[in-house]
Amino acid sequence: MSSPDLILLKYLPELIPELAHWHYLEWGALFPEKTEADFAADLAASLNEQQLPISWVVVYEHQVVGTASLLLHDMQTNRELSPWLANIYLAPSVRGKGLGKWLVQQVMTEARQLGLMQLYLFTEDQAEFYQRLGWQVLKQELYQGKAVTIMSWCCNGMANCLPSPIHAAQL
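Residues numbered from 1 in each chain as written. Predicted model: local features only at pLDDT ≥ 70, side-chain atom pairs only at ≥ 80, totals over all residues. Heavy atoms only, no water.

A. Focus on the packing of helix α1 (residues 16-27) against helix α2 (residues 36-44). Relative to each other, α1 and α2 sit at 120 degrees, their axes nearing to 8 Å. Overall, the two elements α1 and α2 adopt an arrangement that is oblique. Of the two elements, α1 crosses α2, and the hand of that crossing is right-handed. For the pair α1 and α2, the contacting residues are I16, P17, L19, A20, H21, H23, Y24 and W27 in the first and E36, F39, A40, L43 and A44 in the second. Along the lines of polarity and charge, the residues of the contact of α1 with α2 split into 10 nonpolar, two polar and one charged. (Axes fitted to C-alpha atoms, helices over the stretch in contact; angles between N-to-C directions. Helix = DSSP H or I, 4+ residues; strand = E, 2+ residues; numbered from the N terminus. Parallel < 35°, antiparallel > 145°, perpendicular 65-115°, else oblique. Left-handed = near helix turned anticlockwise from the far one by under 90°. Contact = heavy atoms within 4.5 Å. Nonpolar A, V, L, I, M, F, W, Y, C, P; charged D, E, K, R; others polar.)

B. Spotlight on the packing of aromatic side chains. According to the stated counting rule, one finds 12 aromatic pairs in the structure shown. Judged by centre distance (6.3 Å) and plane angle (80 degrees), the rings of W84 and F122 are edge-to-face. A residue pair is termed long-range when its members are at least 10 positions apart, and W84 in strand β4 (residues 84-90) and F122 in strand β5 (residues 118-123) qualify at 38 residues. The pair W84 / F122 is uniform in exposure class, with both members buried. Connected via pairs of aromatic rings, a cluster forms that spans Y24, F31, F39, W84, Y120, F122 and Y143. Geometry around F31 places K34 over its ring, the cationic atom sitting 5.4 Å from the centre. For the cation-ring pair, R95 lies above Y89, with the distance from its terminal atom to the ring centre recorded as 5.4 Å. (Phe/Tyr/Trp six-rings, centres within 6.5 Å; stacked < 30°, edge-to-face > 60°. Buried < 20%, exposed > 50% of the residue type's maximum accessible area, 1.4 Å probe, protein only. Lys NZ or Arg CZ within 6 Å of the ring centre and 35° of its normal.)

C. Looking closely at the pairing of β4. Within β4, seven of the seven residues are buried, leaving the element largely enclosed by the surrounding structure. Taken together, the five bridges between strand β3 (residues 63-71) and β4 define a ladder with antiparallel strand orientation. Note that in β4 the partner of L70 across the bridge is L85. (Pairing = 2+ DSSP bridges.)

D. Layout of the nonpolar core. Among the nonpolar cores identified, the biggest contains 33 residues, and L70, L85, L103, V104, L119, Y130 and W135 are the most heavily contacted of them. Those elements giving two or more residues to this core turn out to be β2 (54-60), β3, β4, α3 (99-113), β5, α4 (127-132) and β7 (146-154). For this core, the leading source of residues is α3, giving seven residues. Not counting residues up to four positions away in its chain, the partners in contact with L103 are L6, V58, T67, A68, I88, Y89 and L90. A20, W27, L43 and F122 belong to the second largest nonpolar core, which has 23 residues in total. (Core = buried A, V, L, I, M, F, W, Y, C linked by side-chain atoms within 4.5 Å.)

Listed below in structure tokens is the structure:
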């Protein structure tokens, strides 16, 4: 496997329409109130480097093949939880090559470097994958008619860190 690169979206904003299309196709059912243009606007709002929201693209074998983000909020529910690992997406052609694990670990490292103490995520079907990377199940719920698992990860490596949501003013 050639070495992938994680690049801040702020350096490749021209990719936003394509990435928004990917995100809309992948997660549109979880956000029925959002259009593809809304997904693009969310990505445009994440053209940051040292503050949330922040997004990255994955370049592998000279092609953009994925995305990842750190967001203040990712659900209409659970607004007390923040920040969130989100938009973990890999093109179908590169799945199964270990890039997902690499990508999540890279963003976890970025979160530590940003001084974040804890992250949250939700997933429909990848809870076991995230557990293998050190994430813990917080709860399960129905979200937009889909069963999802909400998970947390302590950036300082403590196995049982208590939820301590941060807010925009603290970033």
